[in-house]
Each structure stands twice: as structure tokens, then as C-alpha cells.
There are 2 protein chains.
Amino acid sequence: MAVEKLAATQYPVHELIQRRWSPRAFANRSVDPATLLSLLEAARWAPSCFNEQPWRYLVATRENPAEYERMLACLVEGNQLWAKQAPVLMLSVAKLAFAHNGQPNRHAYHDVGAASAYLTFEATAVGLYVHQMAGILVDRARETYAIPEGFEAVAGIALGYLGDPGTLPETLREREIMPSTRQPLESMVFGGHWGEKLALLK
Amino acid sequence: MAVEKLAATQYPVHELIQRRWSPRAFANRSVDPATLLSLLEAARWAPSCFNEQPWRYLVATRENPAEYERMLACLVEGNQLWAKQAPVLMLSVAKLAFAHNGQPNRHAYHDVGAASAYLTFEATAVGLYVHQMAGILVDRARETYAIPEGFEAVAGIALGYLGDPGTLPETLREREIMPSTRQPLESMVFGGHWGEKLALLK
């Protein structure tokens, strides 16, 4: 059966954040086009430096098997193993320079990360789950999609409805049901100096 | 009076995404500590490559004027002009290499962007507004907070309750009430090849 996971938070957070996790098992159920467009629309409204909107998304759904296979082949093998279950695959792409002056955009990746977070938030709101992957073949993606100079593939995205961990290869099954973990808030939030505990946390 | 803005979406999105924008006018109202901790907790649960969690946050509130001024001085002057109204300032910081092998983390900025997006959702859910700033003094931040090698200040964050645009310098007042804009979805989402319209959008 599909596994629900709730983040074991130190402080309360919105339920869409608490419910989100990155599964590898996806149900054999497609995502309807209107829903998928709402996810992309959510990404569109992320904030960005100079409102540059340096994110692009390449999208493949299982309804088009040839396109789907082309995108799957842009993932590293370890990710293909499980991502091939997901009804939708995407690649996020960063635009590396600013339109207004051609200078490098230090925040291009940062803003792509934000846009994909907005996409994920919308996904969670409609019962979908997203698993992003750093493990992609950047050069292969460039060749496959003719990604032009000045742009760069950033991450793979698998999304769909939650599936049964039992459908995963055995090596991945255990990870699927383990609780998500994070370092304590104290180690990522500082006050007046680096490493100094925030007064609010004392 | 404070201005509510709703994103003019092409496809429906969750109301927390539709309501979010980046104001410059903040009300003279502090953020209670429990609320602030929930925002940081939300950031903590963002996904990251290898679960590296490469985000750190330096936090200053107006309750500690000396700390607040030190952080304000890490913003470029154009941002200080309005950010000084916000009851809370933060700096996001990226950890540039992986803990497990010391290699550069290509997704460090990406994952900081995601974490700050999670922080922003939580803020919107509790009635707060967030304005991130690329315009920070990276070297000054490093000196002020003794940010160690291997980490880098990424963005400034001003947050608080929505304020009256009339309190802003005249040059910023007009921008504050203009609608937010984005390029059309068609220009950021592609199908089988770069620049090719996604079949779903046809």
C-alpha cells in the first residue's frame, strides 16, 4: 500500500509542507492535463531576481511513450530504475544570464529551485507527489532537447500519485518507508554570528 | 492602506501561491517568536540533493536594534531604503560542498532557493509577506557574521506584515501598487524540443 509520511517537525508547519516527501513508488495513474498545467502555473509565479524568471521546464508524459523514453534516458541509471514508474517526467532548466544586460545571474539556480518548490507545493495541494533528482545527464539533455547555450539542465522531476513500495526494486523498498530526517533547526539558524544560537531558540 | 495583490494566473493555483507577492511596505508590527520559528522550520523540510540541507539562515529582529542594524548594513543602499521597515531581516547562506565527499554541490543555490520558498509558503499561510533581495553585500556579510570558507551569503530576506505604500519613498510607491507580471506559460514550458509548445498547451 502507498505510504503517507508526516515530517516530524520541531515547530508546527502548514500541512502541505508536513505532508510532502519525495517518493520513488508511483501509482499507475496518469495526471490530467489541467492539473499538470496548474503545477507549471504555480512555478511561473515564483519570485526571481529582477523578475528574470530564469526557469524553463521540459515535460514528458507517459501518454507519449517515445517522448517519455527520450526524457527517461536523460536520467542516470539509478534514477531510471524507479522514475520509470512516474506518469510525468520533467527537466528543469536554468537561464544563466540576465536578459537586461547579459551578465551572469548569480541566482539562476536559486530561482529555479524556488520555482520547482512552487510546483511541488501545488502538486501536494492536489494530492500529487514530486521527486526531484540531481542525477541527470546534463550533456545528454542538451543534445536530446537542443538546449541552447546560456541555458543548462538543472534537475530531473518525477511526479505522480503515490504508489505501493512493494512495486520497487528490493534495494529501494526499505528507504521508501523510512521516516524523512533533517538536521536540528539549531544547526541551520544563527543569531548575531555564524554558529551562534538564535536568541529565539534559547 | 495595505495592498492585496492576486496573481493573474492563466490556470488556477493554490490561494497561498496566488496571494504571495514581494512587498516593500511593511507594517510597524513585530512577528512573534513562535511564528518566526515555524517559518524556519518550514525551510528545514525542503528537499535537497543527498539531503545535504545546504541552507543556513542568519536572523535579526527589530527587538534587538544593534543586531538589526548590522544586518541592514549588509544590504545594498537601495534595499536598505525600504527593508528598514521590516520587523525581521534574514540572510540565506549556501553551503557550497557536500559533507559526504567535499565535492562542489551543483545544487547548493538551487536548494537554498527551495528552502526559502518553503519559508515563504509558511509565511503566506500565517499572513506574513516575504521580500527576497539579490542586492546584498556578500563580502560585508562574510565579515559581519564570520561566515566561514565553503559557505556564501545568497540573498537578503525582509519579512513582516503588509504595510501602507504611502510610507515608502515616493520613487517606490508606484511599483508597490502595480500588478505582478510574468511571461506567458508558453515561453517557459516546452515539449519534445527546446522552444516547442507542450502538446497540453495547444
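The notes below deal with the structure included here. All values reported here derive from a predicted model rather than from experimental measurement. (Residues numbered from 1 in each chain as written. Chains lettered and ligands numbered in written order. Predicted model: local features only at pLDDT ≥ 70, side-chain atom pairs only at ≥ 80, totals over all residues.)

Mapping chain A onto chain B calls for a screw motion: a turn of 180 degrees about the axis and a shift of 0.0 Å along it, with 0.0 Å RMSD after fitting. Expressed as an axis order, the relation between the two copies is that of a two-fold axis. Most of the interface of chain A is mirrored in chain B, where 100% of its interface residues are also at the interface. (Least-squares fit on C-alpha atoms with pLDDT ≥ 70 in both. Contact = placed C-beta atoms within 7 Å.)

Between two packed helices, what matters for the description is the angle formed by their axes and the separation of those axes. Residues and elements named next belong to chain B. Where helix α2 (residues 33-44) meets helix α5 (residues 108-125), the closest approach of the two axes is 7 Å, and the angle between their N-to-C directions is 140 degrees. Between α2 and α5, the angle is such that the two are oblique. Of the two elements, α2 crosses α5, and the hand of that crossing is right-handed. Each of Ser 38, Leu 39, Leu 40, Ala 42 and Ala 43 in α2 lies in contact with α5, whose residues at this interface are Ala 115, Ser 116, Tyr 118, Leu 119, Phe 121, Glu 122 and Ala 123. Residues that form the contact of α2 with α5 fall into these classes: 9 nonpolar, 2 polar and 1 charged. (Axes fitted to C-alpha atoms, helices over the stretch in contact; angles between N-to-C directions. Helix = DSSP H or I, 4+ residues; strand = E, 2+ residues; numbered from the N terminus. Parallel < 35°, antiparallel > 145°, perpendicular 65-115°, else oblique. Left-handed = near helix turned anticlockwise from the far one by under 90°. Nonpolar A, V, L, I, M, F, W, Y, C, P; charged D, E, K, R; others polar.)

Turning our eyes to something else, we now look at helix α2 (residues 33-44) of chain A. Think of an α-helix as turning once every 3.6 residues; residues three or four places apart then point the same way. An ideal rise of 1.5 Å per residue puts 16 Å on 12 residues; α2 of chain A measures up with 16 Å between its terminal C-alpha atoms. With 9 of 12 residues buried, α2 of chain A lies mostly within the body of the structure. By the burial criterion, the buried members of α2 of chain A are Leu 36, Leu 37, Ser 38, Leu 39, Leu 40, Glu 41, Ala 42, Ala 43 and Arg 44 of chain A. Buried residues along α2 of chain A sit against β1 (55-61), β2 (88-95) and α5 (108-125) of chain A together with α1 (15-19) and β5 (189-190) of chain B. (Expected span 1.5 Å × (residues − 1). Buried ≥ 20, exposed ≤ 12 C-beta atoms within 10 Å, placed from the backbone.)

Residues and elements named next belong to chain B. In terms of residue burial, strand β3 (residues 129-133) counts as a mostly covered element, since 5 of its 5 residues are buried. Judged by which residues are buried, β3 turns out to be covered on both faces: Tyr 129, His 131 and Met 133 on one side and Val 130 and Gln 132 on the other are all buried. Sheet analysis places β3 next to strand β4 (residues 151-160), joined by 5 bridges and oriented antiparallel. Among the inter-strand pairings, Tyr 129 is bridged to a residue of β4, identified as Gly 160. (Pairing = 2+ DSSP bridges.)

Time to look at the interface of chain A and chain B. When the parts of a complex come together, some accessible area is lost, and that lost area is often taken as the interface size. Counting residues at the interface gives 61 residues for chain A, matched by 61 residues for chain B. Elements that contribute at least two residues to the side of chain A that touches chain B include exactly α2, β1, α5, β4 (151-160) and β5 (189-190) of chain A. Ranked by the residues each element gives to the side of chain A that touches chain B, the list is headed by α5 of chain A, at 12 residues. Here the side of chain A that touches chain B is built from residues that sort into 39 nonpolar, 15 polar and 7 charged. Sheet topology note: the β5 of chain A/strand β1 (residues 55-61) of chain B ladder contains 2 bridges and is parallel. Each bridged residue has a counterpart across the sheet, and for Phe 190 of chain A the counterpart in β1 of chain B is Leu 58 of chain B.

Next up on the list: the sheet that holds β5 of chain A. The strand order across the open sheet built from 5 strands is β5(A)-β1(B)-β2(B)-β4(B)-β3(B), with neighbouring strands paired in mixed fashion. Strand pairing shows two members of the sheet lacking a second neighbour, β5 of chain A together with β3 of chain B, which therefore form its edges. Against the sheet, helix α3 (residues 65-72) of chain B contacts β1 and β2 (88-95) of chain B, and its axis sits at roughly 125 degrees relative to β1 of chain B. Lying over the sheet, α5 of chain B contacts β1, β2, β3 and β4 of chain B, oriented at roughly 150 degrees with respect to β2 of chain B.

With that settled, the discussion passes to the sheet that holds β2 of chain A. Across the sheet, which stays open at both edges, the 5 strands sit in the order β3(A)-β4(A)-β2(A)-β1(A)-β5(B) with mixed pairing between neighbours. At either margin of the open sheet sits one strand with a lone partner, and together these are β3 (129-133) of chain A together with β5 of chain B. Strand direction decides the pairing type here: β1 of chain A and β2 of chain A, joined by 7 bridges, are antiparallel. Bridge pairing links Tyr 57 of chain A to Ser 92 of chain A in β2 of chain A. Together, β1, β2, β3 and β4 of chain A form the strand contacts of α5 of chain A, whose direction differs from that of β2 of chain A by roughly 150 degrees.

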